[in-house]
2 protein chains.
Amino acid sequence: MEYKFSKSVEALSSSAVREILKLTQGNQVLSLAGGLPAEDSFPIAEMREAFVRSFDLGAKALQYGLTDGYLPLREWVASRMKQKHMNVGVDNMLLTTGSQQAVDLLCQVYLDEGDVVLVENPTYLAAVQLFQFRGIRAIPVDGDEEGMDLEDLARKIAQYRPKMAYVIPTFANPTGKVWSLERRLGLLRQCKENDILILEDDPYGEIQFDGQEPYRSIFSLDEHPEDSCVVYTSTFSKIVAPGLRTGWAIGDKRVIQMMVKAKQAVDLQSSTIDQIALHQLLDNFDLESHIEKIRASYKARMEWMNELMLAQNWNGVKWEKPRGGMFLWVTLPEHIDSEKLLAASVKEGVAFVPGKPFYAAEAQSNTMRLNYTLLDRDDTQMAISRLSAALEKYNQSQAVQQ
Amino acid sequence: MEYKFSKSVEALSSSAVREILKLTQGNQVLSLAGGLPAEDSFPIAEMREAFVRSFDLGAKALQYGLTDGYLPLREWVASRMKQKHMNVGVDNMLLTTGSQQAVDLLCQVYLDEGDVVLVENPTYLAAVQLFQFRGIRAIPVDGDEEGMDLEDLARKIAQYRPKMAYVIPTFANPTGKVWSLERRLGLLRQCKENDILILEDDPYGEIQFDGQEPYRSIFSLDEHPEDSCVVYTSTFSKIVAPGLRTGWAIGDKRVIQMMVKAKQAVDLQSSTIDQIALHQLLDNFDLESHIEKIRASYKARMEWMNELMLAQNWNGVKWEKPRGGMFLWVTLPEHIDSEKLLAASVKEGVAFVPGKPFYAAEAQSNTMRLNYTLLDRDDTQMAISRLSAALEKYNQSQAVQQ
């Protein structure tokens, strides 16, 4: 049998990074690579009780459910969104298999092959891969610490006539960046003027370190929910646990209903029991205190990693301390190719994600993303030491080559 | 904001049937429409215990897992497949969000817009919708009680150069049909000769009524797993419970690995905890006895519905008693349009699915699918009486019009 795959699979070909990261599974490599939450943050006992209570609902807990998701959980999410200035009803919402599926469903119902999406530079690697898989052109817009550069945005809109902009304005992946209010409003204004849909991806918004007022979502700044030019997506992965694979999208009813129909075609619905159990948990749980604990824990981990890195006195290595989220974005000296550094690092017993796959177009190959949420203090210390050793060996080997 | 959806959403436009069936939700309409398992067949207490035990694994139960699925559950499925003459390893397998997702993922990695898939006539309506959504041409092949007509198959292969054939050879949806061994081998031979991939969808194979040897899957009749021209998919929805949304696909490693990569792009992975809980259940559960009970229960329900229908002495209404599965496929007198009959039936308090959406091309509008697994004896009796009343009124209104 000679298999003849679809054209889209070309975009799925294995990456060098993925192959290296596979080597790290199940052995002694310490991983700063993934975006995994700290396991001691999971409410295990409460979640077990929530599952037990879910079965009190009887057979419904194991039966087919609605494609758009378990109604009481949608009601809970709607009420939480309202606290964050997003006034949505259950008909403006779809529950998905993680927010990744929300991003994909919107792509499927809104974009055709060859359509253009504007993205940050760099941006979330799985979104870049998804756009490639769907034959969508991702065009990067320049940016700085405040968010997208509004002048470059205007240029790219004029040049590429995009249908969508994909942004992570709060504690971005991979950069940890927070957009200023001015940039949020600027993106919104330009997109409204040009009928460009904004996909606002907000998995990390709750993980804010400074104890200040939360940043306003772009969705909340637009007229909404009907006629909004923003579809907003978030997830329980970072504030409860990722293994339940439950995210949501909110937006105009017409857009959401189209996503529901697409979801019916691709998998009918996400897990009934997980949605019920999540609702059971949230109905009997002090989520605010729980999130407060996660924030404190992640802030401490970030500070610890930052301290360890400063202590290394690495030559020409730069990073900004993030104000929230799960990642440190590092710029290495220009002569360092972080994919080669990864290979050297894995030999030393530590892994990270090189910056290249986060770029939709030309990549800065001297960048890397470090996750600080998964490892404990001792393992983080060990990981940074190993990274240091790898850097030293990399520099030595470069010196020898020259 | 003027929304500009993708071209593919045209195929998602609301169907008249879906609108009518929506009316049946939450009120007194008895539904013979869905494909819902009997709720008294769910192992609720055992499943609750399985979830409790899953949490003994600690945080891993709630963490991200592998895209291809929880390894011990894949091992369990591989071992079960071996009992059914399908010798596969864990690398030949992907766990999915129901088998619907397996069908979609294979479409995405194997078919481009405009490619042709051969299907039974009629065939599973959600597959027809999915093919439409993906711009894939579904071409029906004639068939009879033994399966696809092999001469028409040869003609259609020559005429349309299909890349794939989608079949449900055992207790098909909607017809309940079982393919003969000769037809299975005939399809396999012609597909092998022409490099056509067979997608064998087998959600109902375990629900066999006659106590005989199970029918051989087409996958098991081909060389396998490597170089097989068959990808086989099945699900826990019908033998454990659908709310866990866990299905699987098996096939050649290269095909499966491509599906894994596509799954990584669309939703990263299905629920970790549901897969662990299923494994916990199956490891401590007499699945054979459980399936035996489901078979006996569904057979009794099917016989009861058959008996009730015979007692109505409907004029010109025909059906075959299925040998397994969940559906009775009914042919009405030619003058009856089953979509109009559905509207009349809902007024009487009973719903079914009209035959039309099960046809990829020209539909026989005097057909309908009745599900016999969801309702209990009394409700089934009531439902058939109401259907009878609807038929009578329909005939009267037709007589008046003439």
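On a predicted model such as this, the values are computed, not experimentally measured, just so you know.

**Student:** Can you break down the sheet that holds strand β10 (residues 246-250) of chain B residue by residue, with the values?
**Tutor:** Residue and element names in this part refer to chain B. Pairing within the open sheet is mixed, and its 7 strands lie in the order β2-β10-β9-β8-β7-β3-β4. Pairing within the sheet leaves two strands with one partner each, and these edge strands are β2 (93-97) and β4 (137-140). For this sheet, the mean inter-axis angle between neighbouring strands, taken without regard to orientation, is 25°. For strand β8 (residues 197-201) and strand β9 (residues 230-235), the ladder comprises 4 bridges, and the chain directions are parallel.

**Student:** Go over the state of the cysteines, please, and point to the residues and values.
**Tutor:** All names here are of chain A. Following the criterion strictly, the structure yields 0 disulfides over all chains and no others. Among the cysteines around Cys 229, which has no disulfide bond, Cys 191 carries the closest sulfur, lying 5.7 Å off. With a relative accessible area of 1%, Cys 229 lands in the buried category.

**Student:** So what about the domain arrangement of chain A? Which residues, and what values?
**Tutor:** Residues and elements named next belong to chain A. With domains assigned, chain A is organised as domain 1 (7-42 + 288-401) and domain 2 (44-282). When each unit is reduced to the centre of its C-alpha atoms, the spacing between domain 1 and domain 2 is 25 Å. Facing the 32 residues of domain 1 at the interface are 35 residues of domain 2. With both chains or domains summed, domain 1 and domain 2 bury close to 3000 Å², and 63% of this area falls on carbon and sulfur atoms. Remark: the boundary between domain 1 and domain 2 carries 2 salt bridges. The closest approach of N and O atoms between Glu 206 and Arg 295, which form a salt bridge, is 3.5 Å. Scanning the region where domain 1 abuts domain 2 turns up 9 residue pairs in polar contact (both at pLDDT 80 or more). Mapped by element, the contributors of at least two residues to the side of domain 1 that touches domain 2 are α11 (287-311) and β12 (327-331).

**Student:** Explain the interface of chain B and chain A to me, and be specific about the residues and the numbers.
**Tutor:** Residue-level contacts link 79 residues of chain B with 79 residues of chain A. Both sides of the chain B and chain A interface together cover about 7000 Å² of buried area, and 60% of this is carbon and sulfur. Its largest share of buried area at the contact with chain A, chain B owes to Met 1, Tyr 3 and Leu 62 of chain B, together 11% of the area lost on that side. Of the charged contacts, one joins Glu 39 of chain B and Lys 60 of chain A as a salt bridge, the two residues approaching to 3.4 Å between their closest N and O atoms.

**Student:** Hey, could you go over the packing of helix α4 (residues 98-110) of chain A against helix α9 (residues 253-267) of chain A for me, with residue numbers and the actual values?
**Tutor:** Residues and elements named next belong to chain A. At a closest axis distance of 9 Å, the pairing of α4 and α9 adopts a crossing angle of 105°. With respect to α9, the element α4 is oriented roughly perpendicular. On the side of α4, the interface is formed by Gln 101, Ala 102, Leu 105, Leu 106, Gln 108 and Val 109, while α9 contributes Val 255, Met 258, Met 259, Ala 262, Lys 263, Val 266 and Asp 267. Counted by class, the contact of α4 with α9 contains 9 nonpolar, 2 polar and 2 charged residues.

**Student:** A description of the packing of aromatic side chains should follow, citing residues and the corresponding values.
**Tutor:** A complete count under the given rule lists 25 aromatic pairs over all chains for this structure. Here the aromatic rings of Tyr 3 of chain A and Phe 5 of chain A are separated by 6.3 Å at their centres, their planes lie at 40°, and the arrangement is tilted. For Tyr 3 of chain A, a relative accessible area of 11% corresponds to the buried category. With centroids separated by 5.7 Å and ring planes inclined at 75°, the aromatic side chains of Phe 5 of chain A and Tyr 110 of chain B adopt a geometry described as edge-to-face. In this pair, Phe 5 of chain A is assigned in the segment before α1 (16-23) and Tyr 110 of chain B in helix α4 (residues 98-110), connecting two distinct chains. A relative accessible area of 22% places Phe 5 of chain A in the partly exposed class. Seen from the ring of Phe 327 of chain A, Arg 369 of chain A lies directly overhead, with NZ or CZ sitting 3.8 Å from the centre. Over the aromatic face of Tyr 110 of chain B sits the side chain of Lys 163 of chain B, whose NZ or CZ is 4.9 Å from the ring centroid.

**Student:** Help me get a handle on the nonpolar core, residues and values and all.
**Tutor:** Most often, soluble globular proteins have nonpolar side chains that are buried together. Counting 204 residues, the largest nonpolar core has Val 240 of chain A together with Val 240 of chain B as the members making the most contacts within it. Ignoring anything within four residues of it in the chain, the contact list for Val 240 of chain B reads Ser 41, Phe 42, Pro 43, Met 47, Leu 278, Leu 281, Leu 282 and Leu 287 of chain B. Formed by 76 residues, the second largest nonpolar core is a distinct cluster that contains Leu 130 and Val 255 of chain A together with Val 119 and Ala 172 of chain B.

**Student:** Run through the relation of the copies chain B and chain A, naming residues and quoting values.
**Tutor:** The relation between the two chain copies is a rotation about an axis coupled with a shift along that axis. Note on the copies: chain B fits chain A at an RMSD of 0.0 Å, the axial shift is 0.0 Å, and the rotation between them is 180°. The transformation just described matches what one would write down for a two-fold rotation axis. Interface overlap between copies: 100% of the residues of chain B at the interface are likewise at the interface in chain A, consistent with a symmetric, same-surface contact.

**Student:** Account for the side chain of Asp 112 of chain A, naming residues and giving values.
**Tutor:** Here Asp 112 of chain A shows up in the loop between α4 and β3 (116-119). One buried charged side chain, Asp 112 of chain A, makes no salt bridge at all; its nearest oppositely charged neighbour is Lys 163 of chain A, positioned 4.7 Å away. Apart from the residues lying within four places of it in its own chain, the contact partners of Asp 112 of chain A are Ile 136 of chain A together with Ser 6, Lys 7 and Ser 8 of chain B.

**Student:** So what's going on with the sheet that holds strand β15 (residues 367-371) of chain B? Which residues, and what values?
**Tutor:** Residues and elements named next belong to chain B. Taken together, 4 strands build an open sheet; the order of strands is β11-β12-β15-β14 and the sheet is antiparallel. Both edges of this open sheet fall to β11 (318-319) and β14 (353-354), since each of them pairs with a single strand only. Sheet analysis places β11 next to strand β12 (residues 327-331), joined by 2 bridges and oriented antiparallel. Paired with Trp 319 across the bridge in β12 is Val 330.

Calculation criteria
- Residues numbered from 1 in each chain as written.
- Chains lettered and ligands numbered in written order.
- Predicted model: local features only at pLDDT ≥ 70, side-chain atom pairs only at ≥ 80, totals over all residues.
- Heavy atoms only, no water.
- Pairing = 2+ DSSP bridges.
- Helix = DSSP H or I, 4+ residues; strand = E, 2+ residues; numbered from the N terminus.
- Axes fitted to C-alpha atoms, helices over the stretch in contact; angles between N-to-C directions.
- Disulfide = S-S within 2.5 Å.
- Buried < 20%, exposed > 50% of the residue type's maximum accessible area, 1.4 Å probe, protein only.
- Domains from an automatic or database assignment.
- Contact = heavy atoms within 4.5 Å.
- Buried area = accessible area lost by both parts, 1.4 Å probe.
- Salt bridge = Lys/Arg side-chain N within 4 Å of Asp/Glu carboxyl O.
- Polar contact = N/O pair within 3.5 Å; in protein donor to acceptor, adjacent residues only side chain to side chain.
- Parallel < 35°, antiparallel > 145°, perpendicular 65-115°, else oblique.
- Nonpolar A, V, L, I, M, F, W, Y, C, P; charged D, E, K, R; others polar.
- Phe/Tyr/Trp six-rings, centres within 6.5 Å; stacked < 30°, edge-to-face > 60°.
- Lys NZ or Arg CZ within 6 Å of the ring centre and 35° of its normal.
- Core = buried A, V, L, I, M, F, W, Y, C linked by side-chain atoms within 4.5 Å.
- Least-squares fit on C-alpha atoms with pLDDT ≥ 70 in both.
- Lys, Arg positive; Asp, Glu negative; His and termini not counted.

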